[in-house]
Amino acid sequence: MPQTEFFPFESERYQSDFEGRHGTDLSGSGGRPLRLVDLEDLKPGTIARLSEEGWGYPPVPGTEALRAGIAVQYPGASPENVLVTVGAAEANLIATTGLVAPGDRIAAMVPHYLQIHGIARNLGATVDEIPLRPDRGWALDLDVLDRAVGEKTKLIAICSPNNPTGRVLDTAERAAVIAAADRVGAWILSDEVYTGLERDAGAETASLWGDYDKVVAVGSLSKALGLPGARIGWLVAPRAALQLAWRRHEYAVISAGSFDMAVAEVAFDPAVRPALVARARGFLASGFDKVAALVARHPNRLSVTEPQATSLCFIGLGAGVGGADFARRLREERDTLVMPGSVFGGQDFDTDGFVRITHAVAEDRLERGLAAIEALLN
Ligand SMILES: Cc1ncc(COP(=O)(O)O)c(C=O)c1O
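What you are looking at is a predicted structure, and each value in this text was computed from that prediction instead of being measured.

About the thresholds
- Counting from 1, residues in each chain are numbered in the order their sequence is written.
- Since the coordinates come from a predicted model, pLDDT governs what is reported: local features require at least 70, and pairs of side-chain atoms require 80 or more to be given and counted, while whole-chain, interface and lining totals use all residues.
- Side-chain measures were taken over the full set of non-hydrogen atoms in the model, leaving aside hydrogen atoms and water.
- Each helix is a run of DSSP H or I of at least 4 residues and each strand a run of E of at least 2, with the numbering of both proceeding from the N terminus.
- We call a residue buried when its accessible area falls under 20% of the maximum for its residue type, exposed when it is over 50%, and partly exposed in between, using a 1.4 Å probe and counting protein chains only.
- Contacts are assigned to residue pairs with any non-hydrogen atoms lying within 4.5 Å of each other.
- We get accessible surface area from the Shrake-Rupley algorithm with a probe of 1.4 Å; when it comes to residues, only the shown protein chains can shield them.
- Counting rule for charge: Lys and Arg are taken as positive, Asp and Glu as negative, and neither His nor the chain ends is counted.
- We put the charge of a Lys on NZ, of an Arg on CZ, of an Asp on CG and of a Glu on CD.
- By definition, two strands form a pair when at least two bridges between them are found by DSSP.
- Proximity is defined per residue: any heavy atom of the residue falling within 4 Å of a molecule or strand makes that residue near it.
- Any pair of N or O atoms that falls within 3.5 Å is considered a polar contact. Within protein, one atom must be able to donate a hydrogen and the other to accept it, and sequence-neighbouring residues count only if both atoms are side-chain atoms.
- For each structure, a 1 Å grid was placed over the protein atoms alone; sets of points admitting a 1.4 Å probe that cannot get out are labelled cavities, open sets with protein on both sides within 12 Å along at least five of seven lines are labelled pockets, and lining residues have an atom within 4 Å of a point.
- In this description, a molecule resides in a pocket or cavity if more than half of its atoms sit within 2 Å of the grid points defining it.
- When two cysteine sulfur atoms lie within 2.5 Å, the pair is treated as a disulfide.
- Grid points are joined across faces, edges and corners, and a volume is the space filled by probe spheres set on the points.
- Residues were grouped as follows: Ala, Val, Leu, Ile, Met, Phe, Trp, Tyr, Cys and Pro as nonpolar; Asp, Glu, Lys and Arg as charged; and all remaining residues, including Gly, as polar.

Novice: What should I look at first to understand the overall build of the protein in this one?
Specialist: Along its length, the protein carries 14 helices and 13 strands. Principal-axis analysis of the C-alpha atoms gives the protein an extent of 55 × 55 × 40 Å. Counting over 378 residues, the protein shows a buried share of 56%. Within the protein, residue pairs in contact and separated by at least 24 positions form 73% of the contacts whose partners lie at least 6 positions apart. Approximately 15600 Å² of the protein is accessible, and the part contributed by carbon and sulfur atoms is 53%. Once the 37 positive and 49 negative side-chain charges of the protein are each reduced to a mean point, those two points are 2 Å apart.

So, in structure tokens, the structure goes:
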């Protein structure tokens with residue numbers, strides 16, 4: 001029977017509707033974007049080289065140089081394991097449509113960006129949710145994980161570092177996810193776009209790639225590498241699974257843009273990538289303290305778990321306050337845009353008691369946004 005109901009992608013829909021229309025915007029997730037001149041500083045000659053680039057059709061799976069640059073980040077991967085996509089958004093779409101069929105089940109953590117959930121539901125699959133526990137610092141509920149993954153589960157959707165909570169799966173949680181997938185032969189679709197935005201300046205979050213043979217890892221230029229507008233993402237997958245995604249990539253977009261891939265090659269230069277990650281991490285250094293200070297002034301109203309990674313804070317608003325209504329009033333009364341928590345909740349896990357903000361914006365913007373939140377609270 002054809003599937004008739006269409007589930008929109010609520011978080012992107014919210015941004016489409018309201019982004020760019022408010023004086024103070026704390027709704028983004030991409031950090032502070034780079035300019036071409038910043039890349040020129042890091043790799044002199046970039047502008048001259050890009051000016052000479054012919055804008056022909058690029059290789060459909062991505063240029064050899066870019067696929068090789070990406071593969072280096074994933075131990076054991078070769079360029080043949082890499083498909084360059086139009087953002088991680090396309091990677092999530094073509095991986096999910098390649099691996100999930102109508103009538104299948106997927107297990108997916110919530111709260112989450114919910115792209116994979118929506119795609120699976122629109123395909124006619126059923127989503128079993130695995131909650132992150134707010135009372136345990138957004139740890140994964142391992143008992144529910146075990147119950148959520150059954151014989152019909154084709155795919156487990158993971159997002160670590162997590163949007164919207166900033167939580168990174170710990171060693172036991174990673175092992176539990178892999179054990180659950182292995183028990184039923186399911187794929188793990190690991191959305192790792194926030195890798196590199198760890199707040200403790202230590203090593204980058206290890207990919208799930210290489211820990212289990214049925215992993216598709218998804219990455220992007222959008223977050224730690226500061227180039228969301230380049231619209232370059234990728235997936236790293238075993239070759240057979242990569243082919244499933246590649247065939248769908250041909251239908252959807254043929255290939256990513258040639259200019260964007262040339263920019264991405266610069267970002268993956270071994271001398272440039274570490275500098276981009278250091279730059280992005282620099283923006284994470286002090287903003288959260290301001291958010292924590294706001295929460296500390298209203299201990300009976302607000303709560304927040306310090307994110308381990310990302311610039312994102314998922315702020316609890318306390319009993320009886322709805323995040324959708326709070327976000328609407330911030331827009332209408334304070335000209336301030338935040339993300340309502342409800343767009344990150346699932347079918348069973350109500351996250352309307354939260355709002356998501358970024359703390360990695362310019363200091364004056366963050367202060368204006370936090371002042372607006374405080375004024376509305378008061
Ligand atoms: C978890 C997650 N996955 C994927 C994406 C899409 O990333 P891209 O801009 O690379 O398409 C986002 C964007 O915010 C995200 O938060």
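Picking up where we left off.
Novice: Even after reading the chapter, I still don't get the pairing of strand 2 (residues 82–85), so can you show me in this structure?
Specialist: Every regular strand shows the same layout, with side chains that alternate between the two sheet faces. In strand 2, alternate side chains face the same way, and those of Val82 and Val84 on one face and Leu83 and Thr85 on the other are all buried. Relative to strand 9 (residues 233–236), strand 2 runs antiparallel, the two sharing 4 bridges. Across the sheet, residue valine 84 finds its bridge partner in strand 9, namely tryptophan 234.

Novice: What exactly am I supposed to notice about the site of the ligand here?
Specialist: Residues in contact with the ligand amount to 15 residues; listed here are only the nearest, Ala88, Asp191, Tyr194, Ser220 and Lys223. Between an oxygen atom of the ligand and a main-chain N or O atom of alanine 89, the distance comes to 3.0 Å. Arginine 231 is positioned with one of its side-chain polar atoms (N or O) 2.8 Å from an oxygen atom of the ligand. Taken by itself the ligand offers 390 Å² of open surface, and the protein chains cover 95% of this. With respect to the pocket detection grid, the ligand is positioned in the largest pocket. By residue number, the principal contributor to the shell around the ligand is helix 5 (residues 87–99), which donates 4 residues.

Novice: What should I look at first to understand unusual backbone geometry in this one?
Specialist: Look at the link from valine 110 to proline 111: it is a cis peptide, with omega at 0°. In this structure, proline 111 sits in the loop between strand 3 (105–110) and helix 6 (115–123). Positive phi, normally seen in glycine, also occurs at arginine 231, with a value near 55°. With respect to the helices and strands, the residue arginine 231 is situated in the loop between strand 8 (215–220) and strand 9. A residue is classified by how much of its surface remains accessible, and arginine 231, at 36% relative accessible area, is partly exposed.

Novice: Any chance you could explain the state of the cysteines here in plain terms?
Specialist: Here a disulfide denotes one covalent bond, and it connects the sulfur atoms of two cysteines. Inspection of every chain in the model, using the stated rule, returns 0 disulfides. Of the cysteine sulfurs around cysteine 159, a residue in no disulfide, the closest is that of cysteine 313, at 15 Å. Judged by relative accessible area, which is 2%, cysteine 159 ranks as buried.

Novice: What am I meant to see in the layout of surface pockets here?
Specialist: Unfilled space is identified by rolling a water-sized probe across the atoms. Taken as a whole, the largest pocket spans an internal volume of roughly 700 Å³. Lining the largest pocket are 37 residues, and of these Glu12, Gln15, Ser29, Gly30 and Lys223 lie nearest its centre. Those elements that provide at least two residues to the lining of the largest pocket are helix 1 (10–18), helix 5 and strand 13 (354–358). The leading source of residues in the lining of the largest pocket is helix 5, at 4 residues. Residue classes in the lining of the largest pocket are distributed as 13 nonpolar, 15 polar and 9 charged.

Novice: Honestly, the sheet that holds strand 13 in this entry has me stumped. Any pointers?
Specialist: The pairing of strands in a sheet happens through backbone hydrogen bonds and is either parallel or antiparallel. The sheet built from 3 strands is open, its strands ordered 10-13-12 with antiparallel pairing. Edge positions in the sheet fall to strand 10 (312–316) and strand 12 (339–340), since each of these pairs with one other strand and no more. Of the pairings in the sheet, the one linking strand 10 to strand 13 comprises 5 bridges and is antiparallel in character. Directly across from leucine 312, in strand 13, lies its bridge partner threonine 358.

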